[in-house]
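Observations on chain architecture
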Amino acid sequence: MILKVQAYQVSDSIDIRAFRAAATAELYYSDADELFYRLDPQRYLYVFKYGVLCFLNCDAATIGDILQRVRAGAKNPLEDPLIDDFIVETDATENRISYHKIEVKRTDVEVLRLVMLNVSQSVALDYFSEHAERLLTETNRHTRHLEHHGRLSITGRKLQRYIARTLMLRNNITENLYIFDSPPETWEDEELNRVDAGMKRNFDLQERFRYIAESLQIVKDNLDLFRDIMKYRHSNTLEWIVIILIAIEVLPFIWLLFSGKAH
């Protein structure tokens, strides 16, 4: 049997509690970050806190209806969701994984859930990678300006707003990256572990995860430098203000002193 997995990154995040309260389908598995539903014996839905909906063997009408309802209440919904498709072929003689397909011997719910989880993580990493690349590019632009001109291209409130915006985005990515560990079920089931390891290799999840983490670390190091420069500039400005104030206080006495000698 051929089953189709479709994962959509629809927003920055999905309110798991609100979705669970509104859903009427059979809830097979849940925790604070994800919900897994059995829509019927052949169709499944996986919902993730980090803004991903994943469907297995669902028709276009069902997918469109759920996407529309979720995006209406999601945080920062995307106009054009990122999409990743994958094929599951059941009743194989052995497990085999290729670029867009996995052939599996087992067809139980845990295997299907694991495949959906990895496809969902893949599309989420695409989304986070785009954000991390954008952060890194913008940060490098300011760093190059500092290197060539000896000063930052933005200062004052603009610099503070840029640092705050960048930190918020970085924190949002970092907050969700921890989710991408293997589920506990794979530690106890050798077959599930092999499927999980094969899917992770197929999607290069570990390498992509590492690239995002390294990019965010570079961004953090540069932001720390920008803040230090901002603090130094602020401190230097205060020193000059103090010097000027002292000069304003002292200059009249000096003028009186020298004018008195002149008489």
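Looking at an unreviewed UniProt entry, one finds the chain named RMD1 family protein, with Flaviaesturariibacter flavus as its source organism.

Structural notes on the side chain of His131
For His131, the location among the structural elements is in helix H3 (residues 109–149). On the basis of relative accessibility, which here comes to 14%, the residue His131 falls in the buried class. Excluding residues within four positions of it along the chain, His131 makes contact with Asp12, Leu169 and Ile173.

Some details on the pattern of salt bridges
Inspection of the entire model under this criterion finds 20 salt bridges. Note that Arg113 and Glu185 form a salt bridge whose closest N and O atoms lie 3.0 Å from each other. Here Glu185 lies in helix H5 (residues 185–188) and Arg113 lies in helix H3, a separation of 72 residues in the sequence. Overall, the relative accessible area of 5% leaves Arg113 in the buried class.

As for the packing of H3 against helix H6 (residues 190–203)
The interhelical angle for the contact between H3 and H6, taken along N-to-C directions, is 20°, at an axis separation of 10 Å. It follows from the interaxial angle that H3 and H6 lie roughly parallel. The interaxial crossing formed by H3 with H6 has right-handed handedness. Facing Glu110, Val111, Leu114, Val115, Asn118, Val119, Gln121 and Ser122 of H3, the residues of H6 in contact are Leu192, Val195, Asp196, Met199, Lys200 and Phe203. Tallied by class, the residues present in the contact of H3 with H6 amount to eight nonpolar, three polar and three charged.

Considerations on the nonpolar core
Membership of the largest hydrophobic core comes to 47 residues, with the highest contact counts inside it found for Val5 and Val115. Secondary structure elements with two or more residues in this core: strand S1 (2–9), strand S4 (43–48), strand S5 (52–56), strand S6 (82–89), H3, helix H4 (156–177), H6 and helix H7 (205–262). Top element by residues in this core is H3. It accounts for 16 residues. By size, the runner-up hydrophobic cluster in this structure holds 16 residues, among which are Ile14, Leu35, Leu45 and Val70.

Focus: the packing of aromatic side chains
All chains considered together, the criterion is met by nine aromatic pairs. With 5.2 Å between their ring centres and 25° between their planes, Phe48 and Tyr50 make a pair best called stacked. Each member of the pair, Phe48 as well as Tyr50, carries the same accessibility label: buried. Seen in terms of ring centroids, Tyr127 and Phe128 are 5.9 Å apart; in terms of plane orientation they differ by 45°. Their pairing is tilted. A relative accessible area of 5% places Tyr127 in the buried class. Among the aromatic residues, ring-to-ring pairing joins Tyr28, Phe36, Tyr44, Tyr46, Phe48 and Tyr50 into one connected group.

Quick notes on the environment of Phe226
Within the secondary structure layout, Phe226 lies in helix H7. On the accessibility criterion, Phe226 (1% relative accessible area) is buried. Spatially, the C-alpha atoms of Phe226 and Gln160 are 9.4 Å apart, while their sequence positions differ by 66 residues.

Quick word on the sheet that holds S6
Across the sheet, which stays open at both edges, the eight strands sit in the order S2-S3-S4-S5-S1-S6-S8-S7 with mixed pairing between neighbours. Each edge of the sheet is formed by a strand with only one pairing partner; in this case those strands are strand S2 (26–30) and strand S7 (96–98). Ignoring which end each strand starts from, the neighbouring axes of this sheet average 15° apart. Pairing of S1 with S5 involves five bridges; the strand directions are antiparallel. Pairing of Val5 across the sheet is with Leu56, part of S5. Of the strands in this sheet, S1, strand S3 (34–40), S4 and S5 touch helix H2 (residues 60–73), which is tilted by about 165° from S5. The strands touched by H3 within the sheet are S1, S2, S3, S4, S5, S6 and strand S8 (101–103), with S6 carrying the most contacts at an inclination of about 155°.

Rules used throughout
Residues numbered from 1 in each chain as written. Predicted model: local features only at pLDDT ≥ 70, side-chain atom pairs only at ≥ 80, totals over all residues. Heavy atoms only, no water. Helix = DSSP H or I, 4+ residues; strand = E, 2+ residues; numbered from the N terminus. Buried < 20%, exposed > 50% of the residue type's maximum accessible area, 1.4 Å probe, protein only. Contact = heavy atoms within 4.5 Å. Salt bridge = Lys/Arg side-chain N within 4 Å of Asp/Glu carboxyl O. Axes fitted to C-alpha atoms, helices over the stretch in contact; angles between N-to-C directions. Parallel < 35°, antiparallel > 145°, perpendicular 65-115°, else oblique. Left-handed = near helix turned anticlockwise from the far one by under 90°. Nonpolar A, V, L, I, M, F, W, Y, C, P; charged D, E, K, R; others polar. Core = buried A, V, L, I, M, F, W, Y, C linked by side-chain atoms within 4.5 Å. Phe/Tyr/Trp six-rings, centres within 6.5 Å; stacked < 30°, edge-to-face > 60°. Pairing = 2+ DSSP bridges.

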